[in-house]
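# Structural characterization, general
So the chains spell out like this:
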Amino acid sequence: QVQLVESGGGLVQAGGSLRLSCAASGIIVRFNNMGWYRQAPGKQRELVATITSGGSTNYADSVKGRFTISRDRTKNTVYLQMNALKPEDTAVYYCTYSAYAVENYWGQGTQVTVSS
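All figures in this text were calculated on a predicted structure; none of them were measured in a lab.

## Focus on the environment of D72
Looking at the element boundaries, D72 is found in strand 7 (residues 67–72). Through-space distance from the C-alpha of D72 to that of L20 is 13 Å; in sequence the pair is 52 residues apart. Excluding residues that lie within four positions of it along the chain, D72 makes contacts with T77 and Y79.

## Overview of the environment of T113
Position of T113 among the secondary structure elements: in strand 11 (residues 110–115). Separated by 30 residues in the primary sequence, T113 and N83 have C-alpha atoms spaced 13 Å apart. Beyond its immediate sequence surroundings of up to four residues, T113 is in contact with G10, L11, V12 and T90.

## Quick look at unusual backbone geometry
Positive phi, close to 50 degrees, is recorded for N76, a residue that is not glycine. Examined against the element boundaries, N76 turns out to sit in the loop between strand 7 and strand 8 (77–82). Of the residues examined, N76 reaches a relative accessible area of 25% and is grouped as partly exposed. Of note, A84 is a non-glycine position whose phi angle comes to about 50 degrees, a positive value. With respect to the element layout, A84 can be found in the loop between strand 8 and strand 9 (91–99). On the basis of relative accessibility, which here comes to 38%, the residue A84 falls in the partly exposed class.

## Topic: the packing of aromatic side chains
On inspection of all chains with the given rule, the structure shows three aromatic pairs. An angle of 50 degrees between the planes, with centres 6.0 Å apart, marks the rings of Y97 and Y105 as tilted. Accessibility classification places Y97 together with Y105 in one group, the buried group. Taken together, Y37, Y94 and W106 form an aromatic cluster joined through their ring pairs. For R45, the ring lying beneath its charged end belongs to Y94, and the centroid distance is 4.2 Å.

## Let's talk about the sheet that holds strand 8
Strand order in the open sheet formed by four strands is 1-3-8-7, and the pairing between neighbours is antiparallel. Two strands close off the open sheet at either side, each with one partner strand: strand 1 (2–7) and strand 7. Across the sheet, the axes of successive neighbouring strands diverge by a mean angle of 15 degrees, strand direction being ignored.

## Description of the nonpolar core
Formed by 30 residues in total, the largest nonpolar core has its most connected members in L4, M34, W36, L80, M82 and Y93. The set of elements that each furnish at least two residues to this core consists of strand 1, strand 3 (18–26), strand 4 (33–39), strand 5 (46–51), strand 7, strand 8, strand 9 and strand 11. Element by element, the count of residues in this core is highest for strand 9, at five residues. Apart from residues lying up to four places away in sequence, L80 is in contact with L18, R19, L20, W36, V48, A49, F67, T68, I69 and Y93.

## As for the pattern of salt bridges
As enumerated under the stated definition, the model contains four salt bridges in all. Its salt-bridge partner being D61, residue K64 comes within 3.1 Å of it at the nearest N-O pair. A relative accessible area of 52% places K64 in the exposed class.

The rules behind each value
- Note on numbering: residues in each chain are counted from 1, in written sequence order.
- Per-residue local features of the predicted model are confined to residues with pLDDT of at least 70, and side-chain atom pairs are confined, for both listing and counting, to 80 or more; whole-chain, interface and lining totals are unaffected and use all residues.
- In computing side-chain properties, one takes all heavy atoms of the structure into account and sets aside hydrogens as well as water.
- Secondary structure counts use DSSP, requiring at least four H or I residues in a row for a helix and at least two E residues in a row for a strand, with both numbered from the N terminus.
- Residues count as neighbours in contact if any of their non-hydrogen atoms are within 4.5 Å of one another.
- When a residue's accessible area, from a 1.4 Å probe over protein chains only, is under 20% of the maximum for its type it is buried; when over 50% it is exposed; and in between it is partly exposed.
- For this analysis, a ring pair means two rings from Phe, Tyr or Trp (six-membered ring only for Trp) whose centres lie within 6.5 Å, classed as stacked if their planes differ by under 30 degrees, edge-to-face if by over 60, and tilted for the remaining angles.
- Cation placement over rings: the criterion is NZ of Lys or CZ of Arg within 6 Å of the ring centroid and within 35° of the ring normal.
- Pairing between strands is defined by DSSP: at least two bridges between the two strands are required.
- For helices, the axis comes from a line fit to the C-alpha atoms of the stretch in contact; other axes are also lines fit to C-alpha atoms, and the angle between any two N-to-C directions lies between 0 and 180 degrees.
- In plain words, nonpolar cores are sets of buried Ala, Val, Leu, Ile, Met, Phe, Trp, Tyr and Cys residues tied together by side-chain atoms within 4.5 Å.
- Salt bridges are defined as contacts in which a side-chain nitrogen from Lys or Arg sits within 4 Å of a carboxyl oxygen from Asp or Glu.

The following block contains the structure:
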């Protein structure tokens, strides 16, 4: 089992920044992918960013150039630095962990609210 604990969400004004953290614990394998999804009320959950064990990253077009995903392998922790936040970024953000294609885990989610 893998447990994911997220932190860093909150309320921020448009144009501001937040940094989300997600710490993974349990049976962690070397080759795993982690990432962030988000879901706003009434909308589908969407991919925000992913990062592989080797550091390769992918971003949604809506956050490209503003958000940066990174990870600290020694701490099994993934981060999402969010800059130039917009009201449309308001959502619950979920951390994810995947390994062996069929082993997937989700965090509890952390609320990010961006005011105009």
